[in-house]
Amino acid sequence: DRATSHTDWRLTRLHLGHDLPFVACNDIQFEQVFINLCNNACDAMEQSKERILMIQSMAEGDEVVVRVSDTGTGMRPEVQERIFESFFTTKSSAKSTGLRMSISQNIVEQHKGQIRFNSELGRGTTFEIYLPEPVDKDQLQSFWADGQIF
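Residues numbered from 1 in each chain as written. Predicted model: local features only at pLDDT ≥ 70, side-chain atom pairs only at ≥ 80, totals over all residues. Heavy atoms only, no water.

What follows covers the overall build of the protein chain. Along the backbone of the protein chain there are 4 helices and 6 strands. Ordering the α and β elements of the protein chain from the N terminus gives β-β-α-β-β-α-α-β-β-α. Looking at the 150 residues of the protein chain, the share that counts as buried comes to 40%. Carbon and sulfur atoms make up 48% of the accessible area of the protein chain, which amounts to about 9,000 Å² in all. (Helix = DSSP H or I, 4+ residues; strand = E, 2+ residues; numbered from the N terminus. Buried < 20%, exposed > 50% of the residue type's maximum accessible area, 1.4 Å probe, protein only. Areas by Shrake-Rupley, 256 points an atom, 1.4 Å probe, with all protein chains shown as cover.)

Turning next to the pattern of salt bridges. In this structure the tally under the stated criterion is 6 salt bridges. With a closest N to O distance of 3.1 Å, glutamate 60 and arginine 67 form a salt bridge. Taking the relative accessible area as the measure of exposure, glutamate 60 reaches 31% and is therefore partly exposed. Close ionic contact of arginine 76 with glutamate 78 constitutes a salt bridge, the shortest N to O distance being 2.8 Å. The network of salt bridges with shared partners includes Glu60, Arg67 and Glu128. (Salt bridge = Lys/Arg side-chain N within 4 Å of Asp/Glu carboxyl O.)

This brings us to the pairing of strand β3 (residues 51-60). Relative to strand β4 (residues 63-70), β3 runs antiparallel, the two sharing 8 bridges. In the sheet register, methionine 58 faces β4, and the bridge partner there is valine 65. (Pairing = 2+ DSSP bridges.)

Inspection of the secondary structure assignment puts arginine 67 in strand β4. Using a relative accessible area of 17% as the deciding quantity, one classes arginine 67 as buried. A polar contact is formed between the side chain of arginine 67 and the side chain of glutamate 60, at a distance of 3.1 Å. Here arginine 67 is in contact with Met54, Ile55, Gln56, Met58, Glu60, Thr126, Phe127, Glu128 and Tyr130, once residues within four sequence places are set aside. (Polar contact = N/O pair within 3.5 Å; in protein donor to acceptor, adjacent residues only side chain to side chain. Contact = heavy atoms within 4.5 Å.)

What follows covers the packing of aromatic side chains. Within this structure, the stated rule accounts for 3 aromatic pairs. Centre to centre, the rings of phenylalanine 30 and phenylalanine 34 are 6.2 Å apart; their planes meet at 50°, and the pair counts as tilted. You can see phenylalanine 30 and its partner phenylalanine 34 sitting in helix α1 (residues 27-44), 4 residues apart, about one turn around the helix. Between phenylalanine 117 and phenylalanine 127, the aromatic rings sit 5.4 Å apart at their centres with planes inclined by 35°, giving tilted as the arrangement. In this pair, phenylalanine 117 is assigned in strand β5 (residues 114-120) and phenylalanine 127 in strand β6 (residues 124-132), connecting sequence segments 10 residues apart. Given the relative accessible area of 24%, phenylalanine 117 is considered partly exposed. By relative accessible area, phenylalanine 127 is classed as buried at 9%. Connected via pairs of aromatic rings, a cluster forms that spans Phe84, Phe117 and Phe127. The residue whose ring lies beneath arginine 116 is tyrosine 130, and the NZ or CZ to ring-centre distance is 4.0 Å. (Phe/Tyr/Trp six-rings, centres within 6.5 Å; stacked < 30°, edge-to-face > 60°. Lys NZ or Arg CZ within 6 Å of the ring centre and 35° of its normal.)

Written as structure tokens, this is what we have:
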């Protein structure tokens, strides 16, 4: 476990699992997913007193799970219902196109994974990405050769 203060008001906590199985994915696409989740978390914490971004990874059964949690404002139910819609945003058009979560969901689903979330007003939001461990070892070898192992 490692905690790093990035500014005088934000703390990032990393809890990264050890000996996780490899998952077959496009690393550039997943970098975009994690950037999107972290940017949204930082935006959500702008008005919060306690600003903590936590990133965790672990194995659960035959899946690898990555959680991105924040201590932001949380989402109202009507926002939760639309969070993965293309062009939906609660921010000004100058700050967001409303594509971050839609793109992230599409990338995760293209990799046969799932993205889920839990949000509580005044307490924050947690997004969970579930990625299956490859059953086909030949597929894993192919992804390894292409540099698409995560």
